[in-house]
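Summary of structural features
Residues per chain, in single letters:
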Amino acid sequence: RVQSGRVNFSVGDETTEIVTPTVRTTALQNASGNIDVTDTGETGVKIFRGQAEVETTQGQRITLTENQAVPVDAAGKALEGAERLGRPGQLIIAS
């Protein structure tokens, strides 16, 4: 369980579950990414390779694939649409 800070992960042949105050993320086989949690509970999940299933505390279920991210507010609500990651520092909103 991650209360605050950043977790970088790289998963091999098994799935891994990472829990924060607002999301439960299951990183599937061969996935890599990171999860950032602020002191106020806002969470950002980014997937660089592979796939992950994200479930918010409000019951939203989101599948992230390579180069996608989703921000979740402190109340456990995912913001509209997953973001597509471009070059480092560049985010592209998926429509």
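Refer to the structure printed above.
Residues numbered from 1 in each chain as written. Predicted model: local features only at pLDDT ≥ 70, side-chain atom pairs only at ≥ 80, totals over all residues. Heavy atoms only, no water.

1. Looking at the side chain of Thr 22
By the element assignment, Thr 22 lies in the loop between strand S2 (16-19) and strand S3 (23-27). Beyond its immediate chain neighbours, meaning those up to four positions away, Thr 22 contacts Gly 41, Thr 43, Glu 55, Thr 56, Thr 57, Val 72, Asp 73, Ala 74 and Gly 76. (Helix = DSSP H or I, 4+ residues; strand = E, 2+ residues; numbered from the N terminus. Contact = heavy atoms within 4.5 Å.)

2. Overview of unusual backbone geometry
Excluding glycine, most residues fall at negative phi; most peptide bonds, likewise, are trans. If you check the backbone angles, Asn 30 has positive phi at about 60 degrees while not being a glycine. By the secondary structure assignment, Asn 30 is in the loop between S3 and strand S4 (32-37).

3. Brief notes about the pattern of salt bridges
What the rule picks out here adds up to 3 salt bridges. Note that Arg 6 is salt-bridged to Asp 36, the shortest N-O span being 2.7 Å. Of this pair, Arg 6 sits in strand S1 (residues 5-10) while Asp 36 sits in strand S4, and the two are 30 residues apart along the sequence. Using a relative accessible area of 51% as the deciding quantity, one classes Arg 6 as exposed. Its relative accessible area of 23% is what places Asp 36 among the partly exposed residues. Close ionic contact of Glu 55 with Arg 61 constitutes a salt bridge, the shortest N to O distance being 3.5 Å. Arg 61 gets classed as exposed once you look at its relative accessible area, which sits at 67%. (Salt bridge = Lys/Arg side-chain N within 4 Å of Asp/Glu carboxyl O. Buried < 20%, exposed > 50% of the residue type's maximum accessible area, 1.4 Å probe, protein only.)

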